[in-house]
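Okay, here's what each chain looks like letter by letter:
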Amino acid sequence: MFTLVVVFLLCTASSVSASAKGGAAAGPRLNDSQLYKFSYATEVLVDQARGSKEGSVGYGISSDVDVNLVWRDPSNKDEQLIQLAISNVRIEPVSNRPEKKNVLTGSTVESVLGKNKLAALTKPFLVHLRNGKTKAFYSYWVEPATIKNLKRGLASLLQLQLITGKVIENDVSGRCTVEYRAVKGQVTRTKNLETCKTAETGFTTHSEVLGVNSKSSSVTVFTLQDGFIRSAVAEEMHLLAVNARRSVAAKVVSRQTLTLTGTGAGPLEAAGKDVPGVVKSIDAKLAAVGVVAEKVKTQCKGCPSLFEHWQAEQKQLEPAGLSKALAPRSFLALIQSIRKASKDEILKVMKSASKTSLPQVVDAVTSSQTPASLDAMLEFLNFTDSKGLVLQERFLYACGFASHPNERMLRALLDISKGKIGSTDIKESVVIIMGALIHKLCLKGECNLPTVVQVKKMILDGPDSTQAESEVQMYLLALKNSLLPEAIPIFTKYAESEVGAYCTIALSALQRYDVKLMTNEVKLTVNRVYHQNRRIYEKNVRAAAADVILNSNPSYIEVKNLLLSIGNLPHEMNKYMLSKIQDILRFQLPASKVLRQAMKDMNSHNYNRFAKVGSSSAYSGFMAQSADVTSTYSLDILYSGSGILRRSNMNIYGASKGAMLHGLQVAIEAQGLESLIAATPDEGEEDLESFAGMSALLFDVQLRPVTFFKGYSDLMSKMFSMSGEPMNVVKGLILLTDHSEVIQLQSGLKASAEFQGGLAIDISGGMEISLWYRESKTSVNNRGALVVTGNVTVDMDFMRAGVEVSFETEASLDFITTVQFSEYPFLVCIQMDKTTFPFSEYMTKYESLSSGKNVMSRKSKKQLVPGTEFPLHQENSNMCKRIFDSSW
């Protein structure tokens, strides 16, 4: 039986080979001594996503093309060498428009292309076809790359197979998977552009919410006549849109048409044994230059240098202007210039910048993420100098927010951590940010790079390698950023630590992991912490444990035990847990279904448990909802029994098409303040040191926590010197969206797409305590300006056309908690306010010639979005009214 199968396969293979050599044609065949005359046209249109051809910018190139057979292998009719000659070249706009808006008015083909390029384009070239596929493309090395690419685009229209099937083939677009569908007299070629491999690779933001979505298609329809092509019509489309706002989108459409207009007598077939010999006999200067498009180096004529650009943008990057949209717009423009600059050019700008604008320059240089920009930063910064803390931390944070970090950036931070560092804060930030880089590199599939492996070992071994509390916290925060699955056992261990800070970090880190990674061991540990099976824990630790349980697909028993604990908890924690459960039910969070099942039991759901009083609360709501993105917020506030804030936690999330982004988390913690008002501490908190601090997580990156005060003496000195001004937590410019790609069109033209989003942000927080008025106030102030731009350009060195779409906004969000603890239950008012803010959208279309002549059009749409105070529970509204009425 096996022998029969082998014989069958051999016979089948032989029959296929025979058909290729002498039977049915595998691809198009040319007749000997015949000249095929074609008309050829290619056009490229660039526009906004929903634009029509009439409103698009771009240009078309049309010509006559003569095709003839030069040589055929006598033993294989599908082995052909073909000559193509372009003539009568014309360049015209893609749509009819008035002369003033037509950049080509008064131009000739020679004036646009240049005499040399026109001569090169009309010089004949050769294509070697085997079974309908291009095996070699022969042209002249000295020809400009743009011209060779246009010829390659034409040659790609001659490549097809006459049978249905999927293949991988090379053409001007690269090495792509292509599907052919053959019907009588017609072949449809569909190219899967996502599979195309080219030398020019781009990069994109790792976050789907902040990223760019692209769609593409390429279809060519061939009609055949007498074994050769009668016509070929190709259309290719690329659409790019910002996920968070899909109206910020642009598209490129490329079309090619090749139509047979007639035939005539052609030259005789050349003599020769093989293709290389025949080519050499025709012209020794002809060379196989490859069918895949080559890189085109475009030179910007009259563009300012980096230093000149910086001088023009400097004023917009001063601290006073950071809340305005001009700041992130200038930041994005500066990044584009830095990416083209050398290390020395970058250092010149940094050395000339004013003291106030230099931190913003550090943001831009680091965010550029080029070898030259990293080298410049490492040379400019002196980490042994403790006075340079601001610039050093801005550099580290920009590394943490990097859109496409590489191993070299991680290696640089590792080397810094091993060297002498003047500031303890910077030493901690270096390690914490290395954790964020590990996470991003692992997302890119680069978890096994040597430096990544080295840093992973360092932070995984870190917590157990030191006795210093600050260092243990540093390693735990680095692991929290890394989201390594190997770190889960470490967090599980430290969740039961005797040090409250370790427990809180470990539990907050476990919340960030995928629910599927929450093993039974993890769940048992977290439940032990909440129910205090082994030791007494602080309230904020137990609250964090409850959050992990409720967010990790809890079982019926876990939820029932949580409900049964209510009533046996400290006063304020009773109220917090009730509020948390009610919030889950109201907001229909994942745990709501099992909660409803457990609450059917009257032992766990009754008036005695659900009528507890207190001021602690948990509330979630929508900040914004649209077809593109949904933004939600949550506010959790836990007080001590004496009325002093124990923990406040504000979170903002963004969700788009199933992807989630933790945009912001600001947590304020306070402890050991009961002695100020002669109150009794809660159980398990009797010996806590006076402390207050803030921790921020921004765009999935945990930052180094900030301490307001630590210790009783520090507390008293801060209280008497308290100015009421908030302490800065994060301030700077962040590159949120960063997408760059080169789109190789089948026509031989190239389009470049650059999408960037820049955010100027200022997050500050403060805590005030008035013993006289028995009142405390905590505040978190968020100020920001956001600009997102998308630029798609088709740039041949003789002509340029493109479109830029963008939007910008400026906003502020304040979160204020006021507590009056002169009576019990004390009064608490939580306010979350968003001011009225502007929102603008812009679209610019442009065309230009190498001569400098250009045409541009611009449209804009502006609106004011009314401010609002985000709703919280009714109880909060009643308390706010009482507080402010009494204050009045």
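Residues numbered from 1 in each chain as written. Predicted model: local features only at pLDDT ≥ 70, side-chain atom pairs only at ≥ 80, totals over all residues. Heavy atoms only, no water.

1. Structural notes on the overall build of the protein
Check the secondary structure of the protein and you find 25 helices and 27 strands. Projected onto the principal axes, the alpha-carbon positions of the protein cover approximately 110 × 75 × 50 Å. Restricting to contacts in the protein with at least 6 residues of sequence separation, those with at least 24 account for 68%. By element, 53% of the accessible surface of the protein is carried by carbon and sulfur atoms, the whole surface being about 38,900 Å². (Helix = DSSP H or I, 4+ residues; strand = E, 2+ residues; numbered from the N terminus. Contact = heavy atoms within 4.5 Å. Areas by Shrake-Rupley, 256 points an atom, 1.4 Å probe, with all protein chains shown as cover.)

2. So, the state of the cysteines
Per the stated rule, a full pass over the model turns up three disulfides. Here Cys176 connects covalently by a disulfide to Cys196, the sulfurs 2.1 Å from one another. A torsion of 115° about the S-S bond marks the disulfide between Cys176 and Cys196 as right-handed. With Cys176 in strand 7 (residues 174–183) and Cys196 in strand 8 (residues 186–197), this pair connects stretches of sequence that are 20 residues apart. Judged on exposure class, the residue Cys176 and its partner Cys196 are both buried. One disulfide in the model links Cys829 with Cys880; its S-S distance is 2.0 Å. Residues Cys829 and Cys880 are joined by a disulfide whose S-S torsion is about 95°; by sign, that bridge is right-handed. Residue Cys829 is located in strand 24 (residues 827–834), and its partner Cys880 is located in helix 25 (residues 874–887); the two are separated by 51 residues in the primary sequence. Given a relative accessible area of 11%, Cys880 falls into the buried group. (Disulfide = S-S within 2.5 Å. Buried < 20%, exposed > 50% of the residue type's maximum accessible area, 1.4 Å probe, protein only.)

3. Some remarks on the pattern of salt bridges
This structure, assessed with the given rule, holds 40 salt bridges. Across the pair Arg512 and Asp700 runs a salt bridge whose closest N-O atoms are separated by 3.8 Å. Here the residue Arg512 occupies a position in the loop between helix 17 (500–510) and helix 18 (520–531), and Asp700 occupies one in the loop between strand 17 (691–698) and strand 18 (701–702), the gap between them amounting to 188 residues. Since its relative accessible area comes to 23%, Asp700 is described here as partly exposed. (Salt bridge = Lys/Arg side-chain N within 4 Å of Asp/Glu carboxyl O.)

4. Examining the confidence of the model for the protein
Looking at the protein as a whole, the pLDDT averages 88, with 92% of positions reaching at least 70. Across residues 1–22, confidence stays below pLDDT 50; counting only partners more than four residues off in sequence or on other chains, it has ten contacts. (pLDDT = per-residue confidence, 0-100.)

5. Topic: the sheet that holds strand 12 (residues 287–288)
Taken in spatial order, the twelve strands line up as 6-7-8-9-10-11-1-2-3-4-5-12 in an open sheet, and their pairing is antiparallel. For this open sheet the edge positions go to strand 6 (165–171) and strand 12, each flanked by a neighbour on one side alone. Sheet topology note: the strand 3 (residues 76–93)/strand 4 (residues 125–130) ladder contains six bridges and is antiparallel. Each residue of the ladder has a partner; that of Gln83, found in strand 4, is Leu126. Sheet contacts for helix 4 (residues 145–155): strand 1 (34–48), strand 2 (57–73), strand 3, strand 4, strand 5 (133–139) and strand 11 (245–265); angle to strand 5, the most-contacted strand, approximately 150°. Running over the sheet, helix 5 (residues 275–282) touches strand 2, strand 3, strand 4 and strand 5 and is turned about 110° from strand 2. (Pairing = 2+ DSSP bridges. Axes fitted to C-alpha atoms, helices over the stretch in contact; angles between N-to-C directions.)

6. Looking at the nonpolar core
With 157 residues, the main nonpolar core has Phe395, Leu413 and Leu698 as its most contacted residues. For this core, the element with the highest residue contribution is helix 13 (residues 424–443), accounting for ten residues. Discounting chain neighbours no more than four positions away, the residues touching Leu413 are Phe395, Leu396, Cys399, Val430, Ile433, Met434 and Leu437. Counting 78 residues, the second largest nonpolar core, distinct from the first, contains Leu30, Tyr40, Ala751 and Met796. (Core = buried A, V, L, I, M, F, W, Y, C linked by side-chain atoms within 4.5 Å.)

7. Quick look at the packing of helix 10 (residues 371–380) against helix 12 (residues 407–418)
Helix packing for two helices is described by the angle between their axes and how far apart those axes are. Between helix 10 and helix 12, the least distance of the axes is 11 Å, while the angle of their chain directions is 10°. As summarised for this structure, helix 10 and helix 12 are arranged roughly parallel, according to the angle between their axes. On helix 12, the residues that touch Pro371, Leu374, Asp375 and Leu378 of helix 10 are Arg408, Met409, Ala412 and Ile416. Class assignment for the residues of the contact of helix 10 with helix 12 results in six nonpolar, no polar and two charged. (Parallel < 35°, antiparallel > 145°, perpendicular 65-115°, else oblique. Nonpolar A, V, L, I, M, F, W, Y, C, P; charged D, E, K, R; others polar.)

8. Structural notes on unusual backbone geometry
Even without glycine at this site, Gln532 takes up a positive phi of about 55°. As for its position among the elements, Gln532 is in the loop between helix 18 and helix 19 (539–550).

9. Some words on the packing of aromatic side chains
Scanning the entire structure with this criterion turns up ten aromatic pairs. Measuring from centroid to centroid gives 5.3 Å for Tyr633 and Phe870, while their planes differ by 50°, and the two rings are tilted. Of the two residues, Tyr633 sits in strand 14 (residues 630–639) while Phe870 sits in the loop between strand 27 (868–869) and helix 25, which places them 237 residues apart along the sequence. In this pair, the class of Tyr633 matches that of Phe870, namely buried. Three or more aromatic residues joined by ring pairs form one cluster here, namely Tyr36, Phe38 and Phe228. Sitting over the face of the ring of Phe807, Arg245 holds its NZ or CZ atom 5.9 Å from the ring centroid. In this structure, Lys348 is placed above the aromatic ring of Phe307, and the distance from its NZ or CZ to the ring centre is 4.5 Å. (Phe/Tyr/Trp six-rings, centres within 6.5 Å; stacked < 30°, edge-to-face > 60°. Lys NZ or Arg CZ within 6 Å of the ring centre and 35° of its normal.)

10. Looking at the pairing of strand 4
Buried residues dominate strand 4, accounting for five of its six residues. When strand 4 meets strand 5, the two strands line up antiparallel, connected through five bridges. In the sheet register, Val127 faces strand 5, and the bridge partner there is Phe137. Adjacent in sequence and paired antiparallel, strand 4 and strand 5 are bridged by two residues, among which Asn131 carries a positive phi angle near 55°.

11. Points about the environment of Pro359
Examined against the element boundaries, Pro359 turns out to sit in helix 9 (residues 358–368). For Pro359, a relative accessible area of 10% corresponds to the buried category. Each C-alpha atom, one on Pro359 and one on Lys859, is 34 Å from the other, the two residues being 500 residues apart in sequence. Among residues more than four places away in sequence, those in contact with Pro359 are Val390, Leu391 and Arg394.

12. Quick word on empty space enclosed by the protein
Applying the stated criterion to the full structure yields nine cavities of 30 Å³ or more. Forming the walls of the largest cavity are 15 residues, and the residues nearest its centre are His206, Leu210, Phe401, Lys440 and Phe699. Per-element tally for the lining of the largest cavity: the top contributor is strand 20 (residues 727–744), with three residues. Of the residues contributing to the lining of the largest cavity, the split by class is nine nonpolar, four polar and two charged. A volume near 90 Å³ is recorded for the second largest cavity. In terms of lining residues, the second largest cavity is bounded by Tyr40, Thr42, Ile61, Ser63, Ile86, Leu121, Leu150 and Leu154. Elements with a minimum of two residues in the lining of the second largest cavity: strand 1, strand 2 and helix 4. Split by residue class, the lining of the second largest cavity holds six nonpolar, two polar and no charged. (1 Å grid on protein atoms, 1.4 Å probe; cavity = no way out; pocket = protein on both sides within 12 Å on 5 of 7 lines; lining within 4 Å. Points joined across faces, edges and corners; volume = space filled by probe spheres on them.)

13. Some remarks on the environment of Asp628
Tracing the backbone through its elements, the reader meets Asp628 in the loop between strand 13 (617–625) and strand 14. When its relative accessible area of 18% is taken as the criterion, Asp628 is described as buried. When the C-alpha atoms of Asp628 and Trp71 are compared, they prove to be 57 Å apart, with 557 residues separating the residues in sequence. Once you skip the residues sitting within four places of it in the chain, Asp628 turns out to touch Asn243, Ala244, Arg245, Arg246, Ala655 and Ser656.

14. Quick word on the side chain of Ser63
Position of Ser63 among the secondary structure elements: in strand 2. Taking relative accessible area as the criterion, Ser63 reaches 4% and is therefore assigned buried. Not counting the four nearest positions on each side in its chain, Ser63 is found in contact with Phe38, Ser39, Tyr40, Ile86, Ser87, Asn88, Val89 and Arg90.

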